[in-house]
Every structure is written in structure tokens, then in C-alpha cells.
There are 2 protein chains.
Amino acid sequence: MLSDRNRILVDSIKRLLRRGATSHLSKIVNKTHAADLSVVFRSLSLGEQRRLFNMISDIEQKGVLFSELDVDTFQDLIEDMRIEDIVPILESMQADDVADLIGRLPEDLSKTILDKMKRSESEEVEGLLRYEDDTAGGIMVPDFIALKEDVTARDAIESLQKEHSDVEMPFYLYVVDEYGKLVGVSSLRQLVVVPPDRPLKDFMSTDVFSVQTDMDQEEVAKLVARYDILAVPVIDRTNRLVGIVTVDDVIDIIRKEATEDILKMAGAGEEFVETKSIFKSTRIRLPWLFASCIGGILAFFIIDRFESSLLKFAYLAAFIPVIMGMGGNIGTQSSTIVVRGLATGRLHARDIWSVVLKELTIGLILGLVYGLLIGSVAQLSYSMFSLAISVALAVVCSMSIAALVGSAVPMGFARINIDPAVATGPFVTTAIDIISVLFYFVIATTLLGV
Amino acid sequence: MLSDRNRILVDSIKRLLRRGATSHLSKIVNKTHAADLSVVFRSLSLGEQRRLFNMISDIEQKGVLFSELDVDTFQDLIEDMRIEDIVPILESMQADDVADLIGRLPEDLSKTILDKMKRSESEEVEGLLRYEDDTAGGIMVPDFIALKEDVTARDAIESLQKEHSDVEMPFYLYVVDEYGKLVGVSSLRQLVVVPPDRPLKDFMSTDVFSVQTDMDQEEVAKLVARYDILAVPVIDRTNRLVGIVTVDDVIDIIRKEATEDILKMAGAGEEFVETKSIFKSTRIRLPWLFASCIGGILAFFIIDRFESSLLKFAYLAAFIPVIMGMGGNIGTQSSTIVVRGLATGRLHARDIWSVVLKELTIGLILGLVYGLLIGSVAQLSYSMFSLAISVALAVVCSMSIAALVGSAVPMGFARINIDPAVATGPFVTTAIDIISVLFYFVIATTLLGV
């Protein structure tokens, strides 16, 4: 397994670093894939990272390593490096990866670096920095193959040998008109199977998907995933081809978006596992917990109003946790299924009524099952039928309402274009807590006559 | 946006179906990408699906549609079709997609279909059916380009034109020895840039990643994602090349695994949004809720033991929801961050102590903040310092322990190779509920002297 291999690699590199076995180490480092090295990097201290980095001899490998680092590690790493040593590494990297790093650096540092880079490279990077981070423009690479439609297959292949050696993923050849506007697409594969003197316009496909620079990266990812393509061309407002988004970046986006959704639903906001500072983590979580704190205090005021009933029937309190727990759990089930369904495109905001009705039915059925069970426990413990009925009814109400709220809230938010993942999590759970407690006490005091 | 385009397409197709505008409809259907049609399909009734399907004239498009359907819809759809009409569609599809569908059909039906298929096609499918669904063998395609190492670039290109026209993604050319064992890899791009009479062995790369047929699909996906490759060769136990896994399938796996993790954590098990039957959904959720039911009943017995205290100080009950809620929420935050960190490879099971210590510290800090806040509410409401202190202390304990349990449980499970996503969700929340209630009553009764 990958993770086993990582562990072995991390262990042996750490051991060699401790022993100072420089020559052995540099042999291992220069043999290891940069993607693996970046995993090792995360497990090392800053001092170790610097020593390891200096052992890499190949500038391109240093570049791949840079592009895999998050910006904090990157900044720590380059702190004591000379600009003259950093620049050639950046120049060897893909412009989109450079823009990702540069765009997050303090402005004076990024300006200094851009000034020292080759004009052609820094212009590409600055071009990308104009676009929002999470749009097609922000994630595209400006290296692509664009040819005129009367170029022959032979000439196209020749241009590949001469001009386009730096293109990252040369599977698609885009065909543009004299104004640089996208008119068609062909593939390397077609180039080698057609007669060499056929012009591109004879065999290109004019059904070419493209996206505009300001399209949200999540939409771009969905498009690439749906149509099983390897790259999608990015055009500006005038239909001019300005870059491509490749499938490897799409994979990263899909993973990142899934992580973000999961964390949002858990009320952990933008906290990531790589957030190392305890202070930062605490600050991110604090406001999310505030929702459940306010909810809890509201529940407190509700219960407080039933003090006289509780003084008579203290055991009413004993059922609070089970009623809240059952409601909370089925509410989480419903909201998670709905939020994920919306994210993967399996559910649509317009289906709100059928989805909510389905969830309500499930909540009612499961509420009856567990209401019967928990009501029986109450009956066996206190032999008081009106109490048992109150508890059973409260479970039914709590679970049905929880399924209703858990599905209706994210569906409703999706409908008015608010991210359903944010709106769910702690807010839904808290609302369910309050509603459950209120119903329980109203039902119990009514049936018990207190 | 994609979803807007879908909606418009679904609406107009539904309208035309109602109106019976067959010729207009069949024009639209045959112009629409099969991936889009499959989205439309999900919003239609079975009758509408059948009518729409029959309007598709191109067998290959029917094939793409088949491969996008889940097996339930597929089975409904083919129920009234003749085997003779189904077989040519399946033959036009990729073997891995056919195997996915056939493998999930009732055995007699799948046997009948395989018997009617062309020998070469059915053998490929049967070959794939031998592997587990979620392994490299189960998701690979058996179509790839494998050439001997002394073949020249020119001959390799020629073989592309003649033999390998059915290969799905011809970017990599694998190089095998006389026994069919994988020795290297080259790319279509390299073929066109090297002199035509150079043999593959001169320019192929011998650093070729490969996976064995029984590797878990999640591991395969991680490998493709980490090394930014478009396809990974699959070898059997004797290092013979038997297939490739392509990046489009990897994208599907990454999305599916993220969905599965999210649902497991919410205690919705294997329920998917496309599960249409209420009965099936209910059955899937029932056992997961059982954990929280048992937990709630345990909490009931705990509180029941403090009945005499409650009869004296009924308002003790009013703080149960807020204490449970705060613990539950921070526990969910911690466990979600840990589970996702483990899934994305950012955390390792071996880091258990540092991760748990970090979470415990965060829990303690946030516990102090919210303990102070909620304790103040208690003090303002009842002006009873010992009660306020009890509530505050209970919040601190509940939140610290919740962060501890929420992080330690998934880390511990990962360490003994149990899926941390399953072990989290309802179990952690339930454990936290019980612990919170117990601590609260022990602290309160001690400090209040009842």
C-alpha cells in the first residue's frame, strides 16, 4: 500500500538525517519521485526540510516539490534562500502552480520574485494572477497547442516536435481561427492515423466543450468528470482561447471540494488537518460552536419553564438525552444524504417536495419503531402508562420533525443558491434539539396533567 | 451552469414527451451527449425512459447511456427488450462497463446475455468478472497498447492506425518482453518526436508505475492522483500486463469513495441518494440509529439514579441539552477532521498521540470559553454559585472528553486497520452523550451536596 511505502520512506530518511549520512541520503532523495518526497516533507521539521531540499540536485524536481507544498511550508522553506536560487526553480514549473504560490505570498516578496523572473515566464504568471483563485482562469495552464484549421497533419506533428515541447498534456490540439477564437479540436491520436497532408479542418471535431475564465472550478470539475475528457479549453469573453484545465488539476479540485463539504457539515468551517496551530484551529471552531451554545441555552429556558412539573415527576428529565439523541441522529442522516446528493448532482433543488416527503415518511416509520421501543422501556421502569405514551409520542415527533428539518433546510438553501453544506451541520442539529425538547415537555405535561 | 442546462433539457424533453412530439424529440435526443441524456433519464418515469431510449438511433450512444445507468434502472429498462437488441449495444461498450452491469444482474440473465455475445467480447467481460468489484482488476479495461521493445517508432505509429483503433485512451504505449511482462512505457507524444527508426527500447521509460489486479481501487485512485498520470497499467501475479485503469474511472472512484465516507460518518451506511424505495432506506438506517437508542437508554438509567437530587433541584435537568450539545458538536468536529485527514493521507495512524493531544488542548480551551459563558447564564438565572460552577465544570469536562474521544477513536481504529469512517459517526456521538451526562450529574451532586 501507498501509505506503508510512505512510512518506510519517511522512517529511513529521518534515520539518515539523524545520522548525517549525507551521501546515502542524497542518493535516495534524487531517486525518489517528487510527489513522494512532498509526503515525506510534511513529516519533517523545518530544519530537516531545508537540509533535505538542499540535497536535491535537479532543478525540475525542486520545482515539482514546490508545487506540491502548501504556501506556509513554502514560505518557511524559502525564507533563508536567495532570490537568485528560487527564481530558476519557479521558472521550471508550470505557470499555474507558480501563480498559486506567488499569489499567496506577501505582496513585496511576490513582486521581487516576479521582477527577477524571465519576462515570458513572469508575464504568464501575472496573466493568471488576474483571475480569481477558484475559477477556471485561476486553475488553467496557459500552455496549449493551438493551430490554424488549414495546417496539415504532417505540419501539426512537426510543430509538436519544434515549438510545443513544454506543453504539459498534449493530447488535444485546439484549432483556432485567425483571431485566436476556438473553432475545433483534434487529438494527437487522430494526427497519426489520418493521411499526412489532410488539413485539420477536414478531421477536427467542431463539437468542442469550453468554459469561460470566470466559471467556478467546481463546475469545471463536474464538466470534465461528466464527459470523461482529459482537458477542457478555457476561453475569454470574446471566445479567444487563453488556457486549458487538465484532468490532474480536476482530480485535486474534486478531492478538495469533498473535504470542504465534509468539514463544513461538521461545523469545522475552513479548518484543515494541516492547520498546525492550536490557536488557529480554536479560532475557526469557536463561532460554529456558538450556534449550538445558543441552542442549548434556549433549550435551558424551555425546560426551566417546566420546573414545577419536574419537581413532581423528576424522571421526566431522564428521557431528555434519548429523545434529543434520536432526533439529532436521524436529522444528521437526512441532511447528509441531501447535501451529498446535491453536491454530486443526483438531487436537484427543484425536487424539494418529493425529497422532503420521502424523508418525512422515513422519519415517521423509524420514529414509530423507536418510539415503541423507548416507550416500552419507560413502561417497564415506571409502570406509568401516560408517561410511556408521552415518551413514545415525543420520540415519534422528534424523529419525524428532525427528518423533515434535516432535508428541508439544505434543499431550501440550495433553492435560493446558498451553499447547503454550510447551512446544515450545527444549525440543523441545534434547531432539532430545541424542537425535540419543546415537544417532549408539551406532550408530557399535557398527558400527565401537570 | 451545468445544473441550469440540465434543468432546461429535462423540462423540454418532458414537455415534448407529454405532447408526443416524436420527430422533434428524436432530433433533440440524437443531438444530445449521452452523459447529459443519462442525467435526464434519472428524472423520468420508467415509461418515459423506455420511449426516450427507443428514439436513440445510434447503438454507440445507447451503449454510453447504458454505462451511465445504475443497475436498477438498467434492469427496469431492458425488462421488455429482446436479448437480440441488447447484445449489440453491450458489444459496442467498454468491457469494464459491461462487466459492471452484467456482474450485478441475476445469474441466469447474465449467462443468457454472455452466451449471445460475440466470443471475443464475452471472453473479455468474463475475464473481468473474475476480479472483485472494487479492485484494480474489477475496474480496469483490457484494451491497451502493448508492443515489444525492438519495435520502431514508425512501426508503433502504424500499429496504432491498424490494430489499436478500439483502445479507449491511447496516450501511453506499454512495452512488454516476449512473455508479455511489463518492462517500460512510452507515450504517443514521444513516438512523434523521435526519429522514426528508433526502437522503443531506446527512448522508453523503465520507471513505470504498475498495480496488481487485487489492489484496492481506492489505493489505485490515490496513486493516479499523486503522480498525475492518465492511466496505470495493471499486472497479474506474474508481472504480465492484463489491463489499464484510466483517469476517468479514477475520478468516479474518488467521488464515490468521498460519498461513502460522508454517509458512513453520518450513520447512513450504504444508503445513496438514488435509493428510491422508502422501505430500503428505512432498513438501512434502522441499525445505525440503534446505537444512539442504546446510548440514550443508558443515559436514562444514569439520570434515573439521580432522581432524588432532581426532586430537590429540578433545574439541574434544564442544563442537560446544552452540555450534551456542546460535547456532541465538538466531538463531531474532531472526528470529522481526523477521519478526513486519514482518508486524504494528510494524517497517519502512527501520529495518534500528537493528534489526540492537539484535539484535547483545543477541547480544553473551547471548553473553558463556553463553560464560562454557560456558567454565567446559570449564575444569572439562579444566583447559586455552586450550581454555576457545576455547570461550567461539566461543560469543560464534556468538551475536553468529546474532543479526546472524537479524535482517539478514529485514530485507534485506523491503527488496527478498521475503516475509521464507520467507527465514528453515531458511536462516537453516543459515547460522548453518556459520558457528558454522567460527569454532569456526578459533579453537580457532589458540589451541591445532594
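Residues numbered from 1 in each chain as written. Chains lettered and ligands numbered in written order. Predicted model: local features only at pLDDT ≥ 70, side-chain atom pairs only at ≥ 80, totals over all residues.

Caption draft 1: Structural view of the overall build of chain A. Counting its secondary structure elements, chain A contains 23 helices and six strands. In terms of overall dimensions, chain A is more spread out than a globule: its C-alpha atoms have a radius of gyration of 30 Å, far above the 22 Å expected for 450 residues. C-alpha atoms of chain A, sized along the principal axes, occupy 90 × 60 × 40 Å. Out of the 450 residues in chain A, the part that is buried amounts to 46%. Sequence separation of at least 24 residues holds for 70% of the intrachain contacts in chain A that already meet a minimum separation of 6. (Helix = DSSP H or I, 4+ residues; strand = E, 2+ residues; numbered from the N terminus. Rg over C-alpha atoms; globule rule 2.2 N^0.38 Å. Buried ≥ 20, exposed ≤ 12 C-beta atoms within 10 Å, placed from the backbone. Contact = placed C-beta atoms within 7 Å.)

Caption draft 2: Looking closely at the packing of helix 21 (residues 385–415) of chain A against helix 23 (residues 425–448) of chain A. All names here are of chain A. Between helix 21 and helix 23, the least distance of the axes is 9 Å, while the angle of their chain directions is 155°. Between helix 21 and helix 23, the crossing angle belongs to the class labelled roughly antiparallel. As helix 21 packs across helix 23, the resulting crossing turns out to be right-handed. Taken together, the residues of the contact of helix 21 with helix 23 break down into 19 nonpolar, five polar and no charged. (Axes fitted to C-alpha atoms, helices over the stretch in contact; angles between N-to-C directions. Parallel < 35°, antiparallel > 145°, perpendicular 65-115°, else oblique. Left-handed = near helix turned anticlockwise from the far one by under 90°. Nonpolar A, V, L, I, M, F, W, Y, C, P; charged D, E, K, R; others polar.)

Caption draft 3: Looking closely at unusual backbone geometry. Residue and element names in this part refer to chain A. The backbone phi angle of Asp228 is positive, close to 50°, even though this residue is not glycine. Within the fold, Asp228 resides in the loop between helix 15 (217–227) and strand 5 (231–235). Although it is not a glycine, Asn417 sits at a positive phi angle of roughly 60°. Position of Asn417 among the secondary structure elements: in the loop between helix 21 and helix 22 (420–423).

Caption draft 4: Region of the structure containing the relation of the copies chain B and chain A. For the match of chain B to chain A, the screw axis carries a shift of 0.1 Å, the RMSD comes to 0.1 Å, and the turn is 180°. The operation mapping one copy onto its partner corresponds to a two-fold rotation axis. Mapped onto chain A, 100% of the interface residues of chain B are again interface residues, and the two copies thus contact each other with one and the same surface. (Least-squares fit on C-alpha atoms with pLDDT ≥ 70 in both.)

Caption draft 5: Geometry of the sheet that holds strand 5 of chain A. Residues and elements named next belong to chain A. Ordered by their spatial adjacency, three strands build an open sheet running 4-5-6, and the pairing between neighbours is mixed. The sheet is open, and its two borders are formed by strand 4 (211–212) and strand 6 (241–246), each paired with just one other strand. Bridge count between strand 5 and strand 6: five bridges; the pairing is antiparallel. When the sheet's bridge partners are listed, Val234 is paired in strand 6 with Gly243. Across the sheet, helix 16 (residues 247–265) is in contact with strand 5 and strand 6; its angle to strand 6 comes to roughly 60°. (Pairing = 2+ DSSP bridges.)

Caption draft 6: Spotlight on helix 21 (residues 385–415) of chain B. Residues and elements named next belong to chain B. Between its first and last C-alpha atoms helix 21 spans 44 Å; for 31 residues at 1.5 Å apiece the expected length is 45 Å, and the two agree. For helix 21, a buried count of 25 out of 31 residues is recorded, marking the element as mostly surrounded by other parts of the structure. Asn417 sits one or two residues past helix 21 and shows a positive phi near 60°. (Expected span 1.5 Å × (residues − 1).)

Caption draft 7: Representation of the interface of chain B and chain A. Counting from both sides, the interface comprises 96 residues of chain B and, opposite them, 96 residues of chain A. A total of 15 residues in the side of chain B that touches chain A trace back to one element, the largest contributor, which is helix 17 (residues 278–304) of chain B. Counted by class, the side of chain B that touches chain A contains 57 nonpolar, 21 polar and 18 charged residues.

Caption draft 8: A look at the domain arrangement of chain A. For chain A, the domain assignment lists domain 1 (2–131), domain 2 (146–252) and domain 3 (278–448). Computed over C-alpha atoms, the centres of domain 2 of chain A and domain 3 of chain A are 52 Å apart. (Domains from an automatic or database assignment.)

Caption draft 9: How the structure looks around the sheet that holds strand 6 (residues 241–246) of chain B. Residue and element names in this part refer to chain B. The strand order across the open sheet built from three strands is 4-5-6, with neighbouring strands paired in mixed fashion. At either margin of the open sheet sits one strand with a lone partner, and together these are strand 4 (211–212) and strand 6. Where strand 4 and strand 5 (residues 231–235) come together, two bridges link them in parallel fashion. The residue of strand 5 that forms the bridge with Val211 is Val234.

Caption draft 10: Expanded view of the packing of helix 19 (residues 320–343) of chain A against helix 16 (residues 247–265) of chain B. Contact geometry of helix 19 of chain A with helix 16 of chain B gives a least axis separation of 9 Å together with a crossing angle of 165°. Taken together, the axes of helix 19 of chain A and helix 16 of chain B lie roughly antiparallel to each other. Every pair of crossing elements has a handedness; the one defined by helix 19 of chain A and helix 16 of chain B is right-handed. For the pair helix 19 of chain A and helix 16 of chain B, the contacting residues are A:Thr336, A:Ile337 and A:Arg340 in the first and B:Thr259, B:Ile262 and B:Leu263 in the second. Its residues assigned to classes, the contact of helix 19 of chain A with helix 16 of chain B shows three nonpolar, two polar and one charged.

Caption draft 11: The environment of A:Val245, seen in detail. Residue and element names in this part refer to chain A. Within the secondary structure, Val245 sits in strand 6. Residue Val245 is classed as buried on the basis of its 26 C-beta neighbours within 10 Å. When the C-alpha positions of Val245 and Met215 are compared, they lie 12 Å apart, and in sequence the two are 30 residues distant. Beyond its immediate chain neighbours, meaning those up to four positions away, Val245 contacts Ala136, Ile139, Met140, Val220, Ala231, Val232, Val234 and Val250.

Caption draft 12: A look at the environment of A:Ala378. All names here are of chain A. Assignment of secondary structure puts Ala378 in helix 20 (residues 352–382). Considered as a pair, Ala378 and Gly138 are 240 residues apart in the sequence and their alpha carbons are 60 Å apart. Beyond its immediate sequence surroundings of up to four residues, Ala378 is in contact with Phe319, Leu387, Ala388 and Val391.

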